Amino acid sequence: MRIQSILYTLVLVFTVSWLSSQQIAKSEKGSFLLKNGTLVTVTNGTFKSDLLLKDGKIAEIGESLSAGDGVTVVDCSDKIVYPGFIDGGTQLGLQEIGAVSLTSDHNEIGSFIPHMEALTAVNPNGVAIPVTRVNGITSAIVMPTGGRFPGTAALINLHGYTPQQMFAGYKAVVMNYPSSGKRGRRDRRSEEDIKKDSEKARKELNESWKKVKLYANIDAASKSSNQEKSDYNPAMDAMVDVANGDQQIMIEVNKKADIEAAIKWVQENNLNAVLTGVKEGYRVADELAEAGIPVIVGPVLSIPSRLSDKYDVAYANPGLMAKAGVKVALRTNSYENVRNLPYDAGFAATYGMGTEEALKAITINPAEIFGVADQLGSLEVGKQGNIFVADGDPFETRTRINHLFIGEYKVPLESRHTLLYDEFLNRDPGVEKK
Amino acid sequence: MGMSLSAQQGDVLIKNGTVITITDGVKENTDVLIRNGKIKQIGEGLSVGDDVKVIDADGMYVMPGIIDAHSHVGIDVVNEATAPVTAEVFVGDVINPYSVPIYRALAGGVSVSHAMHGSANAIGGQCETIKHHYGEEDPTTYQMKDAPRTIKFALGENPMRVHGEGNGIQPKTRMGIEQVFRKAFAEGQEYQNAWKKYNSGGAQVAPEYNLRKQTLADILNGDIIIHCHSYRADEILMLMDVLGDYGVNKICFQHVNEGFKVAPELAAFGATASVFADWWAYKFEVYYSTAYNAAILTKNGVVTSINSDSGELIRHLYHEAGKSQKYGDLTDNEALRLITLNPAIQLGIDDKVGSLEVGKDGDVAVFNNHPLSIYAVPQYTIVDGIVRFDINEDPDDMRLDINPDESFPAFHELNAHDEHRCMEGVYEFLFHQH
């Protein structure tokens, strides 16, 4: 029996390591001088300049910088240098294969489980990570999905061999606001039943929130009197900073009436919130702007939520909110095609947001929302070296990414997809037998 | 099936556009004249009387209406998942002219789609090539006149899961799937031989009429083009072997994510391929995929198209085609062929649509920018000379039937994956099962 179970474990281990084997080249660690590129800084305009990456940071921006000892020069003539893109919501590294449920690590059982840490379950060697990187995405939110409080999301950089090496300094508790919409085309509930269900869910939410606040008060009291807490309650512990407004809460909410209710709920409870999804945000854009609550929208490439909606509402939504003064970041909400983030931004740009604002929505805006704008989101001295170099507008599908840096590493632009191309473009042998 | 009405055919002159013909280069400042639903003339300085609608396409791009070789928009049901072989059912019987997704597809420049049976059965139902005559209320007016018959086949996980795992009958493996085809074809041949015998006086009593077997016989006679849902290289080779044994060669492999591995064999057999631009990892059989699939197939001489299989993707096939430039450097014309002439060849309608040539159907898409640019927005979609989408006359609510029991059209908490319908009606609790 014992041998059997060891064998079984070995088989599992081999299967899992085979599933996630990378076989891509190692990254190159060092300092790099990016010569003669056009820098799209996002925060300080666009101009021709050199950029020195040292110890993983942007050390200098200026003309005619000289490469010191041990600095690798990267010729960026006729190239454009961008800050790495940030995806505001994914399951990257938390899901390997869609239909194989045992490769899914974002949807734990339970409704009130904010202590489930997405960062714990990120597979640094997930095959989709290099696939994502080669399109200029260098950071992403990884977030749990499921019940009312499915866990805690984290921001990661897309390079590293442990979750902690990838962690980019931001976490938020995720909440799914009670929906008064249909779950999908197969939802057969009547309008009245949907209304009843959502009212019940809101009532339950308010009841659990009373408990959260009570727990936070007890926690504060016991801390100030140096008393030990009696019970082990990790779920409640995970909520304390949120209840006090010290930690951000990501609230998934999409329908107009629900967004309005969520804004009110956030204000009543004095929370530091960001709304995610926000499909009908354009219908309440002024209220969102007035409330000063930022949003993470996407995927932009989506169908309308109502049959009566104009065909392009999902494309136009981010731009309409931005115009009203809402701080907008974008997300793909994907695990395997996070690489399409530049195209989500491109569609938002095309349908009213404009290229400049769409670029902000995948760089400096998410960095500011997540409180990491001192590290990420623009080309500025002192920030982390998350940078890519392209031969054109990265929103265009014809554009090539030529170089990519994350921290102190120059990351090879390889992935399963490029390697299969290299192997199979001119397959040898061809049709002949052996 | 049976008698079908004709949709309206119209006259329109598109002036001064950049005309992308697909088969005869790109022509600047050129006019396209459509008369009675057919392209009558392509040239400079064409003029017409006041009775003909004129579109000023100055600064715009004029291309053939986009064709989607794999779609489920505009139909009420997708799968007759009751047996591994259901060759007797017709998608043409379930066209829904009130389907708003047809209008949304028009808003993406798509004039023709292949309304397909789902992938639950090894041999599914017969499909229908439809023209997007949105606004017509008779479903038969959507059926494309003289389009060849097509039928859906499916390999791999979907039929294995539905019949083997679900119902405990063959096929549960790819071995079983091969034998389902061999048995079905043998029965079709037997049936045909029995009729031949009777018709030549060799038998007193006629065989019992059987539509399923008759359809199989029609496939063996080359009267029906096979469109086969497939992913893995081994199963693709298997089906070509089986078809080779029966002398059948009219086959388009659908999805065919591992087509790139057997591109030389596909080319040698004369099979075509209709692929996703970048979908992968949503199930195990697409884990070893590459977005370079379309480019590898094209460069190996396989007639390749990019399809949607989705109510969302069908809205931006021009963007999906653009990805073949990122992943494999296809030229503009090669990329646009993936969504015009090549799918037309796969559906056997390339004598009527797929390029701008005198005598072909007046199916045209007009864009404000080059259609492969992310900044392209479809302006007009013309089907048989009738403007079915005009961005300047585009009311928000395009429903043709209104549910009187619904106070306001319901909000659907969908994600993009909910619009993939290949397995609809089978395993409703599983999404993402293309």
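All values derive from a computational prediction rather than experimental measurement. (Residues numbered from 1 in each chain as written. Chains lettered and ligands numbered in written order. Predicted model: local features only at pLDDT ≥ 70, side-chain atom pairs only at ≥ 80, totals over all residues.)

1. Things to note about the overall build of chain A
1) Next: Across its full length, chain A holds 13 helices and 17 strands.
2) Next: For 434 residues, the compact-globule formula gives about 22 Å, and the C-alpha radius of gyration of chain A, at 23 Å, lands near that figure.
3) Next: C-alpha extents for chain A along the principal axes are approximately 65 × 60 × 55 Å.
4) Next: Looking at chain A as a whole, 50% of its 434 residues qualify as buried.
5) Next: Across chain A, the fraction of contacts at a sequence separation of at least 24, relative to all contacts at a separation of at least 6, is 71%. (Helix = DSSP H or I, 4+ residues; strand = E, 2+ residues; numbered from the N terminus. Rg over C-alpha atoms; globule rule 2.2 N^0.38 Å. Buried ≥ 20, exposed ≤ 12 C-beta atoms within 10 Å, placed from the backbone. Contact = placed C-beta atoms within 7 Å.)

2. As for the overall build of chain B
1) Next: Assigned secondary structure in chain B consists of 10 helices and 16 strands.
2) Next: Whereas a compact globule of 434 residues would reach a radius of gyration of roughly 22 Å, chain B reaches 22 Å, a difference of no more than 12%.
3) Next: Projected onto its principal axes, the C-alpha coordinates of chain B cover approximately 65 × 55 × 50 Å.
4) Next: For chain B, the proportion of its 434 residues judged to be buried stands at 59%.
5) Next: A separation of at least 24 residues holds for 71% of the contacts in chain B among residues at least 6 apart in sequence.

3. Overview of the sheet that holds strand E8 (residues 123-131) of chain B
All names here are of chain B.
1) Next: Spatial strand order, E6-E7-E8-E9-E10-E11-E12-E13: eight strands in an open sheet with mixed pairing. Each having just a single partner strand, strand E6 (66-71) and strand E13 (304-306) make up the two edges of the open sheet. When the angles between neighbouring strand axes are averaged without regard to direction, this sheet yields 25°. (Pairing = 2+ DSSP bridges. Axes fitted to C-alpha atoms, helices over the stretch in contact; angles between N-to-C directions.)

4. Focus: the interface of chain B and chain A
1) Next: Each side of the interface is counted separately: chain B has 54 residues, and chain A has 45 residues.
2) Next: The leading source of residues in the side of chain B that touches chain A is helix H8 (residues 317-326) of chain B, at five residues.
3) Next: Residues belonging to the side of chain B that touches chain A are distributed by class as follows: 25 nonpolar, 13 polar and 16 charged. (Nonpolar A, V, L, I, M, F, W, Y, C, P; charged D, E, K, R; others polar.)

5. Examining helix H10 (residues 341-353) of chain A
1) Next: Taking 1.5 Å of rise per residue, 13 residues should cover 18 Å, yet H10(A) covers just 15 Å from first to last C-alpha, more than 12% shy of that figure.
2) Next: For H10(A), a buried count of 12 out of 13 residues is recorded, marking the element as mostly surrounded by other parts of the structure.
3) Next: Turning to H10(A), its buried residues number three or more, namely Leu341(A), Pro342(A), Tyr343(A), Asp344(A), Ala345(A), Gly346(A), Phe347(A), Ala348(A), Ala349(A), Thr350(A), Tyr351(A) and Met353(A).
4) Next: Looking at the buried positions of H10(A), the neighbouring elements they touch are strand E7 (85-90), strand E8 (137-142), helix H9 (313-324), strand E14 (328-330) and helix H11 (355-360) of chain A together with H8 of chain B. (Expected span 1.5 Å × (residues − 1).)

6. So, the nonpolar core
1) Next: Among the nonpolar cores identified, the biggest contains 250 residues, and Val142(A), Ala348(A) and Val62(B) are the most heavily contacted of them.
2) Next: The residues contacting Val142(A), other than those within four sequence positions of it, are Thr90(A), Gln91(A), Leu92(A), Gly93(A), Leu94(A), Ala118(A), Val122(A), Ala153(A), Ala154(A) and Ile156(A).
3) Next: Counting five residues, the second-largest nonpolar core is a separate cluster that includes Ala81(B), Ala120(B), Val162(B) and Cys422(B). (Core = buried A, V, L, I, M, F, W, Y, C linked by C-beta atoms within 7 Å.)

7. Brief notes about the sheet that holds strand E9 (residues 151-157) of chain A
All names here are of chain A.
1) Next: Sheet architecture is open: eight strands sit in the order E7-E8-E9-E10-E11-E12-E13-E14, paired in mixed fashion. Edge positions in the open sheet fall to E7 and E14, since each of these has one partner strand only. With strand direction ignored, the average angle separating the axes of adjacent strands in the sheet is 25°.
2) Next: Here strand E10 (residues 167-176) runs beside strand E11 (residues 249-253); their pairing, made up of four bridges, is parallel. Residue pairing for E11: Asn 176 is matched across the bridge by Glu 252.

8. Some points on the pairing of E9(A)
All names here are of chain A.
1) Next: Burial analysis of E9 places seven of its seven residues in the buried class, the great majority of the element.
2) Next: With four bridges connecting them, E8 and E9 associate as antiparallel partners. Following the sheet pairing, Ser 139 is matched in E9 by Asn 157.
3) Next: Direction of pairing for E9 relative to E10: antiparallel, over a ladder of five bridges. Note that in E10 the partner of Ala 154 across the bridge is Lys 171.

9. Details of the domain arrangement of chain A
Residue and element names in this part refer to chain A.
1) Next: According to the domain assignment, chain A contains domain 1 (23-84 + 377-434) and domain 2 (85-376).
2) Next: Each of domain 1 and domain 2 was reduced to a C-alpha centroid, and the two centroids are 29 Å apart.
3) Next: Between domain 1 and domain 2, the contact holds 28 residues from the first and 31 residues from the second.
4) Next: The set of elements that each furnish at least two residues to the side of domain 1 that touches domain 2 consists of strand E6 (80-83), strand E15 (387-390), strand E16 (401-406) and helix H13 (416-424).
5) Next: Looking at the side of domain 1 that touches domain 2 residue by residue, the class counts come to 14 nonpolar, 11 polar and three charged. (Domains from an automatic or database assignment.)

10. Remarks on the environment of Phe260(B)
1) Next: Relative to the elements of secondary structure, Phe260(B) occurs in the loop between strand E11 (251-255) and helix H6 (263-269).
2) Next: Through-space distance from the C-alpha of Phe260(B) to that of Asn293(B) is 5.3 Å; in sequence the pair is 33 residues apart.
3) Next: With sequence-adjacent residues up to four places away left out, Phe260(B) is seen in contact with Leu420(A), Phe424(A), Thr290(B), Tyr292(B), Asn293(B), Ile296(B) and Leu297(B).

11. A closer look at the domain arrangement of chain B
Residues and elements named next belong to chain B.
1) Next: Assigned domains within chain B: domain 1 (1-65 + 354-394) and domain 2 (66-352 + 407-419).
2) Next: Summarising the inter-unit geometry, the C-alpha centres of domain 1 and domain 2 are found 28 Å apart.
3) Next: If you look at the interface, domain 1 gives 28 residues, while domain 2 gives 36 residues.
4) Next: Of all the secondary structure elements, the ones that give two or more residues to the side of domain 1 that touches domain 2 are strand E5 (61-64), strand E14 (364-367), strand E15 (378-383) and strand E16 (386-390).
5) Next: Broken down by element, the side of domain 1 that touches domain 2 gets its largest block of residues, three residues, from E15.
6) Next: Classifying every residue of the side of domain 1 that touches domain 2 gives 16 nonpolar, seven polar and five charged.

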